[in-house]
Amino acid sequence: MSNERRSPSGLPIDQVYGPGDAGVPREDPGEFPFTRGIHPTMYRGRLWTMRQYAGFGTAEETNARFRALLEAGQTGLSVAFDLPTQMGHDSDEEVSAGEVGRAGVAIDTVDDLAQLFDRIPLEEVSTSMTINSTAAILLAMYIVVAEEQGAARGKLRGTIQNDVLKEYVARGTYIYPVEPSLRLVTDIFRFVADEGMQFNPISVSGYHMREAGATAVQELAFTFADGLEYLDRAVAAGIDIEQIAPRVSFFFAVHNDLFEEVAKFRAARRLWASLVRERYGGSDKSCLLRFHTQTGGSTLTAQQPLNNVVRVAVQALAAALGGTQSLHTNSFDEALSLPSLEAAHLALRTQQILAYESGAAQTADPLGGSYYVEDLTDRLEGAARELLDEVAGWGGAARAIEGGHLQDAIARSAYQYQRAVEAGDVVVVGVNRFTEGAAPALPAQPDYTALAVRQVERVRRARADRDEGAWNAALEALRGAAEGDAPLMPPIIEAVRARATVGEISDALRAAWGSFRPPA
């Protein structure tokens with residue numbers, strides 16, 4: 001029997017490591033290229049943000065969950081939106097039937113978003129919104145809700161995902177063709193910079209590519225290819241690199257292989273810092289890799305769901321040891337249903353126990369100097385650089401996506417992994433080994449039909465109550481801006497203020513730009 005071992009990314013693993021296997025980084029935490037962390041004191045100075053992701057059907061239900069989590073000690077909000085909201089459709093459109101409120105909260109108008117944040121002062125919280133093709137609309141809504149609360153734009157803190165390139169690769173919630181979508185992304189960059197907002201205008205997401213089947217190496221390479229594409233577009237639009245690069249954040253998955261995941265985060269910091277310095281001559285501030293991490297949804301099993309508590313704890317530990325700035329821990333029951341409040345509290349308590357009881361926050365880069373982890377860090381960085389060179393050979397991220405190259409690479413990795421699970425070469429406890437018979441019964445689900453009826457009534461009432469003249473003028477101004485080259489955020493904000501819906505604003509842009517058709 002072969003004694004060969006490989007990491008989940010296919011990197012060879014020796015039986016034992018010693019002083020000759022890898023060099024320890026010479027820099028301290030807080031020093032370029034930041035392998036060991038972006039701050040000298042790391043968590044001794046400030047813990048990671050505990051930002052649990054939530055979205056439940058209606059704005060009222062989600063607001064109740066947000067307030068319960070804030071009372072339990074959560075330190076940041078993270079919003080999940082339903083598919084119609086993500087894809088620019090209103091709840092009463094035929095295409096939305098069966099999807100309203102199922103994958104997250106349904107938002108049709110700015111008044112829905114106001115209800116979502118009822119009794120939550122937006123000047124006092126940091127909010128992350130996982131939204132991409134309609135990111136400009138939801139950011140505009142957030143700004144208008146804040147204004148109506150009396151909050152200044154400059155005091156709003158948070159992150160809008162706004163990473164449309166990965167939608168073409170991994171998730172499919174794209175709307176427009178690649179080029180106008182990138183125009184919209186860049187326009188958000190410029191608006192946030194010009195307004196002096198503390199909002200991060202993008203969170204470049206490797207998470208969804210990993211969930212689609214990418215390896216850790218592909219997650220790094222393809223995420224950074226997208227990040228470079230966004231920076232290239234910003235610089236081409238006349239935005240100074242020192243104005244935009246420090247506001248670019250990232251979003252990674254963390255899976256079960258503790259050591260590869262820790263090494264991945266260390267390699268990611270070093271690789272991104274080096275790329276920004278080499279390509280743009282960025283300052284240390286511009287070279288910092290700041291990232292949110294979420295434990296791997298695709299690693300959760302419906303079989304023996306309590307095993308997921310252990311998986312999430314191991315993954316969260318890897319994120320903390322790897323130096324994440326922000327963390328979401330999945331609930332153990334998410335493979336079965338929307339998370340129960342009990343499971344969501346346990347997921348949050350997992351982070352709190354790691355932060356306050358495990359010792360993981362006591363020192364910066366606690367696994368730095370481990371022969372094994374240092375070797376994995378070097379190998380991951382090298383393999384990701386090679387793959388980045390391949391993407392460059394395809395013409396960069398946008399052209400590679402239009403040609404289907406990134407999609408094909410991830411599909412092959414997903415297929416290989418599934419075959420390995422089915423063959424028993426990769427062990428998944430409770431699934432292909434140590435099984436216990438029938439899977440548990442599904443918990444009771446919300447009445448989505450009744451929820452959809454209420455949301456449809458709400459959006460139709462909003463249309464009936466608004467000023468028709470102001471609404472029509474705002475949408476006409478938006479269509480004109482989209483057909484030309486004028487900035488898009490100001491007319492989107494005015495359309496939101498006039499109570500135009502997510503679907504109506506998206507349709508105005510569709511009329512100007514058309515829709516994306518994936519490569520055959």
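For the structure, check the block above.
To keep things clear, this report deals only with the structure shown in the data block.

Cut-off values and rules
- Counting restarts for each chain, with residues numbered from 1 along the sequence as it is written.
- Local features in this predicted model are restricted to residues whose pLDDT is 70 or higher, and side-chain atom pairs enter the listing and the counts only when it is 80 or higher, whereas totals over whole chains, interfaces and linings include all residues.
- Working from all heavy atoms in the structure, the side-chain values ignore hydrogens and water.
- Centres within 6.5 Å make a pair out of two Phe, Tyr or Trp rings, where for Trp the six-membered ring is used; the pair is then stacked when the planes are under 30 degrees apart, edge-to-face when over 60, and tilted otherwise.
- Where helices and strands are cited, they refer to DSSP runs of H or I of at least four residues and of E of at least two residues respectively, numbered from the N terminus.
- To sort residues, take the accessible area from a 1.4 Å probe on protein chains only and compare it with the maximum for the residue type: under 20% means buried, over 50% means exposed, and anything in between is partly exposed.
- Only Lys NZ and Arg CZ are tested; either one counts as a charge over a ring when it is within 6 Å of the ring centre and within 35 degrees of the ring normal.
- Two strands pair if DSSP finds at least two bridges between them.
- Every axis in this analysis is a line fitted to C-alpha atoms, fitted for helices over the stretch in contact. Angles between the N-to-C directions lie between 0 and 180 degrees.
- Whenever Lys or Arg places a side-chain nitrogen within 4 Å of a carboxyl oxygen from Asp or Glu, that contact is recorded as a salt bridge.
- Within this scheme, the nonpolar core is defined by two criteria: the residues are buried Ala, Val, Leu, Ile, Met, Phe, Trp, Tyr or Cys, and they are joined through side-chain atoms within 4.5 Å.
- Note on contacts: a residue pair is in contact if any heavy atoms of the two residues lie within 4.5 Å.
- Under this definition, polar contacts are N or O atom pairs within 3.5 Å; protein pairs additionally need one hydrogen-donor-capable and one acceptor-capable atom, and for neighbouring residues in sequence, both atoms have to be side-chain atoms.

This brings us to the packing of aromatic side chains. Taken as a whole and assessed by the stated rule, the structure comprises 19 aromatic pairs. With 5.4 Å between their ring centres and 45° between their planes, F259 and Y372 make a pair best called tilted. With F259 in helix 10 (residues 258-280) and Y372 in helix 14 (residues 371-393), this residue pair connects regions lying 113 residues apart in the sequence. According to the relative accessible area criterion, Y372 is buried, its value standing at 19%. Joined through ring pairs, the aromatic side chains of F224, F250, F252, F265, W272 and F291 make up one cluster. Sitting over the face of the ring of F32, R277 holds its NZ or CZ atom 4.1 Å from the ring centroid.

We now examine unusual backbone geometry. Residue P33 is bonded to the preceding F32 through a cis peptide linkage, with omega at 5°. Within the element layout of this structure, P33 appears in the loop between strand 2 (12-13) and strand 3 (49-54). A positive phi is found at N162, a non-glycine position, where the angle reads about 60°. The topology assignment puts N162 in the loop between strand 6 (157-160) and helix 5 (165-171). On the basis of relative accessible area, N162 is assigned to the buried category, the value being 2%.

A few words now on the pairing of strand 9 (residues 248-254). Within strand 9, seven of the seven residues are buried, which leaves it mostly tucked inside the rest of the structure. Residues V248, F250, F252 and V254 line one face of strand 9 and the alternating positions S249, F251 and A253 line the opposite face, and both faces are buried. Pairing of strand 8 (residues 202-205) with strand 9 involves four bridges; the strand directions are parallel. Note that in strand 9 the partner of V204 across the bridge is F250. As defined by bridge partners, strand 9 adjoins strand 10 (residues 291-295) across five bridges and the pair is classed as parallel. When the sheet's bridge partners are listed, A253 is paired in strand 10 with Q294.

So, about the sheet that holds strand 8. Strand order in this open sheet of nine strands is 7-6-5-4-3-11-10-9-8, and the pairing throughout is parallel. The strands lining the two open edges of the sheet, one partner per strand, are strand 7 (198-200) and strand 8. When the angles between neighbouring strand axes are averaged without regard to direction, this sheet yields 25°.

Under the definition given, this model contains 36 salt bridges. The partner of E219 in a salt bridge is R210, and the shortest N-O contact between them spans 2.9 Å. Members of the salt-bridge network, linked through shared partners, are D90, D92, R460, R463, R466 and E504.

Quick look at the nonpolar core now. Ranked by size, the top nonpolar core spans 89 residues in total, and within it F222, F224, Y230, L231, F250, F252 and W272 carry the most contacts. If sequence neighbours within four positions are ignored, F222 has contacts with M209, L387, V391, L406, A409 and I410. Counting 60 residues, the second largest nonpolar core, distinct from the first, contains L113, L488, I505 and A508.

The next thing to look at is helix 19 (residues 489-497). Of all the positions in helix 19, only M489, P491, I492, I493, A495 and V496 are classed as buried. Of the surrounding secondary structure, the elements contacted by the buried residues of helix 19 are helix 3 (110-116), helix 4 (135-149), helix 6 (178-195), helix 18 (468-483) and helix 20 (502-513). Positive phi shows up at R499, right after helix 19, with a value of about 70°.

Okay, the environment of Q52 next. Its place among the elements puts Q52 in strand 3. On a C-alpha basis, the gap between Q52 and S326 in space is 9.6 Å, while along the polypeptide they are 274 residues apart. If near-sequence neighbours (up to four positions away) are discounted, Q52 is found in contact with L69, Q74, G76, S78, L327, H328, T329, A344, A347, L348 and Q351.

Here we come to the side chain of T127. Relative to the assigned elements, T127 resides in strand 5 (residues 126-130). Side chain to side chain, T127 and Y142 meet in a polar contact 2.8 Å long. Setting aside residues up to four positions removed in sequence, T127 forms contacts with R51, L77, V79, F117, Y142, R157, G158, T159 and F199.

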